[in-house]
Structures are given as C-alpha cells and as structure tokens.
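Structure at a glance
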Amino acid sequence: MISAKYRLLAFSSIATMLVACSPAENPAATARPAPFVKVSTLKTEPVQNRMQALGTLLAQESIDISSNVTEKITALHFNDGDAVTKGQLLITLQQDEEAAQLSSAKADLAEEERELARLKGLIASQSAAQTEYDQRKTAKLRAESKIAEIEALLAERNIRAPFSGVIGLRALSPGALVSPGTSIATLDDLSVMRMDFQLPSLSLTAIATGQNVIARSEALTEDFNATISAIASRINPVDRSITARALIQNPDHKLKPGMLMLVSLVTKEHDAILVPESALQSIQLQHYVWIMNSEQKAERRTVELGTRKPGFVEIRSGIRAGEQLIYEGFTALQPGITVSPQEG
C-alpha cells in the first residue's frame, strides 16, 4: 500500500511539471524573435521612357571626285587626307589642245575688235557702210562666245573642290586615263555628321524635329549629342518603320562616315516609384514585393512592373509612396509576421 501511494504521488508530480511547462500555459517558452529585415521608404522620382535604335553615320556632304571627260591626269594637287577648301584646285587633266584653241579664239577676238575700231572711224567720215560695221560686231560676239566655250572645256579639265572637306585616299596617279564616273578620290565634309536611324511607325508621335537624342559610339566608347533634323515623309511598307535623320556636330572629326551608332531618345518623362530589382519576387508571370506596415508586420503585395533602368524597376501599381519597402531579409517571411526593421 505504501509503495502504491508513493507511485501515485510521483505520477502527480510529473503531471504537474508537464502542465507547468506546456506552451499553452507559458507562451514565452515558444516565442521566436522577430526576423531582421532592411527597409527603405518608397518615394517617387522622375523616370524617362527611352527608345533605342541603330543609326548609321553619313558625312554632311560627300562625293566621289571624278571627271566629266575622258582625259589623262597631268597633276594631282593634294595628298591623302588633306583638308581642302571650296574652289581649291585638286586635279589637272591634259588640256594642251583646249589651251591652243583658247589662244586662237582670243586672237580672233582681238582682230574683230581692231576691225570694229577701224570701221567706226570710217563710218564717222561716211567712208564705210553701217551694214559692214554690224557684221563685224556680230563676228566679235561669236568670237567672245567661242572663248567662253573653250574656257568651259578648260574648266572641266581643272577639277576643283565643290565644298570644303577632307580628301580620302586617291585611287589614281598622274598619267592615268580617267573617264566619266571613274572615282579619283573621295571628299567628305566632316564638320557635321548626318545620322539616319529607323524606328517603328507606332512611335511616330513620339519623335519630332528639334528633339535631342544621344548617340553612342562603341568604337570610341563615347556619347554624342544629336538633334533630329528631319523625319521621312513615308513609312517603309515592308517593316512599317519610319526613318529619322539627326545631326551631330563633329569639330574634331572623331566620327567617320559609315560608323554604327546606338541611338537613345527620351519619348516622355513621368514620376514613378522605383525599387531595386533585388527586392522583387517573381513567380511565373506574377511579381511581388514585401511591405512593412504600420504594425511592423510583413505584407506581400502583387505589383505591376513598368520601365527598367540598370538595377531598378518601375512599379506602376500595388504600392504607394511613403510605405516601407522590405528589400533585404524577406526570403523566409510569411504574410502577417512581425519583423524587426533596420533602416537601409
């Protein structure tokens, strides 16, 4: 009986201890510390919508220097890469025959002028007829026309720069026979560059003449400011694109015709909320961020994304400026859990 009584007391003591240690009676025994998270206050900032395209550079003025006649080159008055001015003599073609014809025509003109002077005195003394004087006057006009014709032939054999620019690499040497259409060298005005680029026709209302764009050269690793000078009057029916042309000042001649440029233009600017891409959770096609509410509890919000820029993404809906964004420590959170915030 005594041993049974002791056993009953022992069981009662164990039961009392278990009840005293149960979670229901001692919540502090199972409470976990609030997880630490880093938060930042959401705010709006200006965001630019940008479009990008590929552009090709062209010189403001560009030609292949060639001849209008078939003739031999007697002299080249430039070196490869020379800067030349408008009207400067570049190439002399063989012109001996035309020079001789010009001398003969000038002699004929001088003879006609002397004869006119003689007839003018005879008419004053009524020793010559007026008709003979008029015939000589007509002959003088023909001689002057002949001289102008020969001088035009000579001008075709003295090739001059039609505009100021930079000579390229010459393709022919003195003594070579050149014919119409044969390129002797190139001439480019590099002071201002034209840049043509294509955009989808749907963006037609987003561009306008006078609009500023940024053109980047990967070859030079440099950005250049450009201004849209013209927009094509037609849309390409094949790919439904519109061509725009921008001008880039090029005083140092860094840019060359044919270079590829990455064009970036701002279509519009608006205020938006940007969050770090690292604060974004994506499950299939749904996107979420975590917000700490006024009670320091975690909330998971479904958000709609907008434009992106390096490291950040625009949130169009789902959160508001002034709320606390949890951008670190949210991977193990559950909605409604209390968190311990740390300002970022």
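Residues numbered from 1 in each chain as written. Predicted model: local features only at pLDDT ≥ 70, side-chain atom pairs only at ≥ 80, totals over all residues. Heavy atoms only, no water.

Scanning the protein chain for helices and strands turns up 3 helices and 19 strands. Looking at the 344 residues of the protein chain, the share that counts as buried comes to 32%. (Helix = DSSP H or I, 4+ residues; strand = E, 2+ residues; numbered from the N terminus. Buried < 20%, exposed > 50% of the residue type's maximum accessible area, 1.4 Å probe, protein only.)

This part takes up the packing of aromatic side chains. In total, this model carries 0 aromatic pairs according to the counting rule given. The ring of Y288 is capped by R300, whose NZ or CZ atom sits 4.2 Å from the centre of that ring. (Phe/Tyr/Trp six-rings, centres within 6.5 Å; stacked < 30°, edge-to-face > 60°. Lys NZ or Arg CZ within 6 Å of the ring centre and 35° of its normal.)

Here we take up the confidence of the model for the protein chain. If pLDDT is low for a region, its predicted coordinates should not be looked at in detail. Residues with a pLDDT of 70 or more make up 89% of the protein chain, whose mean pLDDT is 86. In the model, residues 13–29 has pLDDT below 50 throughout and makes 3 contacts with residues more than four positions away in sequence or in other chains. (pLDDT = per-residue confidence, 0-100. Contact = heavy atoms within 4.5 Å.)

Okay, the pairing of strand β15 (residues 286–292) next. Look at any regular strand and the pattern is simple: side chains alternate between the two faces of the sheet. A large share of β15 lies buried, amounting to 5 of its 7 residues. In the sheet, strand β14 (residues 281–283) pairs with β15 via 3 bridges, with the strands oriented antiparallel. Opposite S282, over in β15, you have H287 as the bridge partner. Linking two consecutive strands that pair antiparallel, namely β14 and β15, is a turn of 2 residues; a positive phi of about 55 degrees is found at Q284 within it. Bridge count for β15 against strand β16 (residues 298–309) is 6 bridges, and the pairing is antiparallel. Bridge pairing in β16 places Y288 opposite T302. Across 3 bridges, the pairing between β15 and strand β18 (residues 324–328) is antiparallel. Looking at the pairing, W290 lines up with I326 of β18. (Pairing = 2+ DSSP bridges.)

L57, M195, F197, L199, V213, I248 and L255 are the most contacted members of the largest nonpolar core, which totals 25 residues. Taken together, the elements giving at least two residues each to this core come down to β2 (44–65), β9 (185–200), β10 (212–217), β11 (222–235), β12 (241–249) and β13 (260–276). Of all the elements, β9 adds the most residues to this core, at 5 residues. The next biggest cluster of nonpolar side chains, apart from the first, holds 18 residues, and it includes I73, L90, L172 and I184. (Core = buried A, V, L, I, M, F, W, Y, C linked by side-chain atoms within 4.5 Å.)

Of all 5 residues making up strand β5 (residues 89–93), 4 are buried, and the element is well covered by its neighbours. By the bridge criterion, 3 bridges tie strand β3 (residues 71–76) to β5 in an arrangement that is antiparallel. Bridge pairing in β5 places I73 opposite L93.

As a further point, take the sheet that holds β5. With antiparallel pairing, the 4 strands of this open sheet are ordered in space as β6-β5-β3-β8. Two strands bound the open sheet, and with one partner strand each, they are β6 (158–160) and β8 (177–178). The strands touched by helix α3 (residues 130–156) are β5 and β6; relative to β6, the strand with the most contacts, the crossing angle is about 60 degrees. (Axes fitted to C-alpha atoms, helices over the stretch in contact; angles between N-to-C directions.)

So, on to the side chain of S217. With respect to the helices and strands, the residue S217 is situated in strand β10. Polar side-chain contacts of S217 include one of 3.4 Å to the backbone nitrogen of A219. Once residues within four sequence positions are removed from consideration, S217 is found in contact with E222, F224, M259 and M261. (Polar contact = N/O pair within 3.5 Å; in protein donor to acceptor, adjacent residues only side chain to side chain.)

Glancing now at the pattern of salt bridges. This model, assessed by the stated rule, comprises 15 salt bridges. R308 is the salt-bridge partner of E277, the closest N and O atoms lying 3.0 Å from each other. Residue E277 is found in the loop between β13 and β14, and its partner R308 is found in strand β16; the two are separated by 31 residues along the sequence. It is possible to trace a salt-bridge network through shared partners that takes in E299, R301, R320 and E323. (Salt bridge = Lys/Arg side-chain N within 4 Å of Asp/Glu carboxyl O.)

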